[in-house]
Amino acid sequence: MRIEDLKKVYEVESLSFKEPYPLFLLYTFYWISPDLFFVAEKRDTGDIIGYIIGVIRKSFLGHIVSLAVHPKHRRRGVATSLMKRLEGEFIKRGVKALRLEVRVSNTVAREFYLKCGFLESYIIPGYYGDGEACVVMYKRVA
């Protein structure tokens, strides 16, 4: 991810989520963890079609903050490629487990994460601004 990609990342974010992160928060994640913020580009045009953000907590927990793919480019392996790239970087840095949160209603994403080896751990009621709960998912990598 390059800083000049941020507006395109925000566009994908806005098209993907009911409550998208504001641009300044994406910018903050870039400055906190630029080496764990990846984009996927369309081969022929270089357009940003997806992104993933990760941070490391307590030196052993890789937190997947956000993963999104432009609606026109879903179900083509983009999310899987981004997940594999971030997971590989986490493992190189000694991360032992991965964590993420996903809306209870987002069955497509939950199924994707299950296919990636995550397990549903517990629910946090009222996690999102609109009152919806999230499912916390974990995956051991070491």
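Below: a short report on this structure. Quick caveat, the model's predicted, so the values are computed rather than measured.

Here we look at the nonpolar core
And then number 1: Counting residues in each nonpolar core, the largest one holds 25 residues, and the members touching the most others are I52, I64, L67, M83, Y113 and F118.
And then number 2: Going through the elements one at a time, β1 (37–41), β2 (48–57), β3 (61–69), α3 (78–92), β4 (97–103), α4 (107–115) and β6 (134–140) are the ones with two or more residues in this core.
And then number 3: The greatest single-element share of this core, amounting to six residues, is contributed by α3.

Observations regarding the sheet that holds strand β5 (residues 119–124)
Picture the strands of a sheet paired through backbone hydrogen bonds; they go either parallel or antiparallel.
And then number 1: Taken in spatial order, the six strands make up an open sheet running β1-β2-β3-β4-β6-β5, and their pairing is mixed. Edge positions in the sheet fall to β1 and β5, since each of these pairs with one other strand and no more. Sheet twist, expressed as the average angle between the axes of neighbouring strands with direction ignored, equals 25°.
And then number 2: Sheet analysis places β4 next to β6, joined by seven bridges and oriented antiparallel. Paired with R99 across the strands is Y138, a residue of β6.
And then number 3: In the packing of helix α1 (residues 6–16) onto the sheet, contacts are made with β1, β2 and β3, and the angle to β2 comes to roughly 95°.

Calculation rules
Residues numbered from 1 in each chain as written. Predicted model: local features only at pLDDT ≥ 70, side-chain atom pairs only at ≥ 80, totals over all residues. Heavy atoms only, no water. Core = buried A, V, L, I, M, F, W, Y, C linked by side-chain atoms within 4.5 Å. Buried < 20%, exposed > 50% of the residue type's maximum accessible area, 1.4 Å probe, protein only. Helix = DSSP H or I, 4+ residues; strand = E, 2+ residues; numbered from the N terminus. Pairing = 2+ DSSP bridges. Axes fitted to C-alpha atoms, helices over the stretch in contact; angles between N-to-C directions. Contact = heavy atoms within 4.5 Å.

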